[in-house]
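Residue strings, one per chain:
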Amino acid sequence: MDVLLAVDALQTFYGKSHVLRGVSFEVPRGEITVLLGRNGAGKTTTLRSVMGLVPPRSGRIRFKGADVTGRPPHRVFRMGIGYVPEGRQIFPHLDVGENLRLAERAADGGTPWTLERIFEYFPVLRERWRQRGRSLSGGEQQMLAIARALFGNPDLLMLDEPSQGLAPRLVRELETIMVRLKGEGVTILLVEQNARMALGVSDRVVVLGKGAVVFAGATAEFREREAELKGRYLSV
Ligand SMILES: Nc1ncnc2c1ncn2[C@@H]1O[C@H](COP(=O)(O)OP(=O)(O)OP(=O)(O)O)[C@@H](O)[C@H]1O
Ligand SMILES: [Mg+2]
């Protein structure tokens, strides 16, 4: 398999608090990998470690074959990782167009993300073009956050709980968008509490329990052990 991202034995701390205790997993190119785990398991910290926002104390992160461990976030972004953080974090005082342009990065392969292509996926952003981030609904902000990450032409898109707070109709729209993105060659690492949605779109599953990987395998393998894994490591 063609591994796009490989995380190996990450140990990450917040001050004295030891959060990631040897996290290792791989994200194959062209697939959707979902990272599941209870509140506080370390899902967000894992994405932040990859992104260089909380550099790991030890361990290795390889992306497209290059060692990116401890690189600052802007350099990780330049390498081709798009990150949609928990809570979206779009710029409230900038309009939709300004929010998007801040994240522009040239593609180094594949079809570049033009505005036309962005609007095809997120027609609502065309309608809201001149509106400031803060005046958008929660769902529109989430779409803007994803669109902004795509505008950086990422090889890997990391999404932290994108379905949080969305109405069921928007969660289904999000599922469709992720599957379409995968069809166009975008590799996705998705963090979700909504296991039902995540398992519906994922090829592979990684489960974190208290800072360590307790399961990694194909979604079909997860399904075979679903009751046990959910009972032990996920909130039901
Ligand atoms: N900035 C921080 N400073 C200190 N401790 C933190 C910080 N951020 C997270 N933690 C702690 O690290 C642990 C892992 O948190 P993390 O946010 O990675 O979990 P998570 O799996 O994303 O949880 P959730 O499902 O609630 O988003 C938790 O015990 C949390 O309290
Ligand atoms: Mg989190």
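Residues numbered from 1 in each chain as written. Chains lettered and ligands numbered in written order. Predicted model: local features only at pLDDT ≥ 70, side-chain atom pairs only at ≥ 80, totals over all residues.

Concerning the overall build of the protein chain
Just so we agree on the cut-off: The helix and strand labels rest on DSSP assignments: H or I over at least four residues marks a helix, E over at least two residues marks a strand, and numbering proceeds from the N terminus. Here the globule rule reads 2.2 Å times residues to the power 0.38, and the radius of gyration is calculated from C-alpha atoms. For the exposure call, what matters is how many other C-beta atoms sit within 10 Å of a residue's own: 20 or more marks it buried, 12 or fewer exposed, and in between partly exposed, using C-beta atoms placed from the backbone. It is the C-beta atoms, placed from the backbone, that decide contacts: two residues are in contact if theirs lie within 7 Å.
For the protein chain, the count of helices and strands is ten helices and ten strands. Against the compact-globule benchmark of 18 Å for 236 residues, the protein chain has a radius of gyration of 17 Å, which places it among compact chains. Projected onto its principal axes, the C-alpha positions of the protein chain cover 45 × 35 × 35 Å. Relative to its full complement of 236 residues, the protein chain shows a buried share of 40%. A sequence separation of at least 24 residues applies to 68% of the contacts in the protein chain between residues at least 6 apart.

Some thoughts on unusual backbone geometry
Positive phi is not limited to glycine here, since Lys64 has a value of about 50°. Take Lys64: it is sitting in the loop between strand E4 (58–63) and strand E5 (66–67).

Regarding the sheet that holds E5
What counts here: Whether two strands pair depends on DSSP finding at least two bridges between them. Lines fitted to the C-alpha atoms define the axes, with helices restricted to the stretch that makes contact. Angles between their N-to-C directions range from 0 to 180 degrees.
If you walk across this open sheet you meet the four strands as E2-E1-E4-E5, and the pairing is antiparallel. Sheet topology places strand E2 (17–28) and E5 at the edges, where each strand pairs with a single neighbour. Two elements, strand E1 (residues 3–14) and E4, share five bridges in a ladder whose sense is antiparallel. Within E4, the position partnered with Asp8 by the bridge is Arg60. Here helix H1 (residues 43–51) sits on the sheet in contact with E1, E2 and E4, set at roughly 75° to E2.

Details of the sheet that holds strand E6 (residues 81–84)
Strand order in the open sheet formed by six strands is E6-E7-E8-E3-E9-E10, and the pairing between neighbours is mixed. Unpaired on one side and paired on the other, E6 and strand E10 (212–218) mark the two borders of the sheet. When strand polarity is set aside, the average angle formed by the axes of neighbouring strands in this sheet is 15°. Relative to strand E8 (residues 187–191), strand E7 (residues 156–160) runs parallel, the two sharing five bridges. Bridge pairing links Leu156 to Thr187 in E8.

A few points about the site of ligand 1
Stated formally: Near, for a residue, is defined by distance from a backbone-placed C-beta atom to a molecule or strand, with 6 Å as the limit that must not be exceeded. In the scheme used here, Gly and all other residues not listed as nonpolar or charged are polar, with Ala, Val, Leu, Ile, Met, Phe, Trp, Tyr, Cys and Pro taken as nonpolar and Asp, Glu, Lys and Arg as charged.
Inspection of the region around ligand 1 gives Tyr14, Ser17, Val19, Gly37, Asn39, Gly40, Ala41, Gly42, Lys43, Thr44, Thr45 and Gln193 as its neighbouring residues. For the shell around ligand 1, the elements supplying multiple residues, two or more each, are E2 and H1. With three residues, H1 is the single largest residue contributor to the shell around ligand 1. Looking at the shell around ligand 1 residue by residue, the classes come out as three nonpolar, eight polar and one charged.

Section: the pairing of strand E9 (residues 204–209)
For E9, the buried fraction is high: five of the six residues fall into the buried class. Sheet analysis places strand E3 (residues 32–36) next to E9, joined by four bridges and oriented parallel. Looking at E9, one finds that Val34 is bridged to Val205. Here E9 runs beside E10; their pairing, made up of six bridges, is antiparallel. Its bridge partner lying in E10, Val205 is registered against Gly217. The turn joining E9 and E10, which pair antiparallel and follow one another in sequence, is formed by two residues; a positive phi near 45° is taken by Lys210.

Considering the environment of Phe122
The residue Phe122 is located in the loop between helix H4 (115–121) and helix H5 (123–127) in this model. Residue Phe122 is classed as buried on the basis of its 21 C-beta neighbours within 10 Å. Residues Phe122 and Asp155 lie 33 residues apart in sequence; the distance between their C-alpha atoms is 19 Å. Setting aside chain neighbours within four positions, we find Phe122 in contact with Met143 and Ala147.

A look at the pairing of E1
Two strands pair when backbone bridges link them, and E1 and E2 are joined in this way by nine bridges, in the antiparallel orientation. Looking at the pairing, Leu5 lines up with Val27 of E2.

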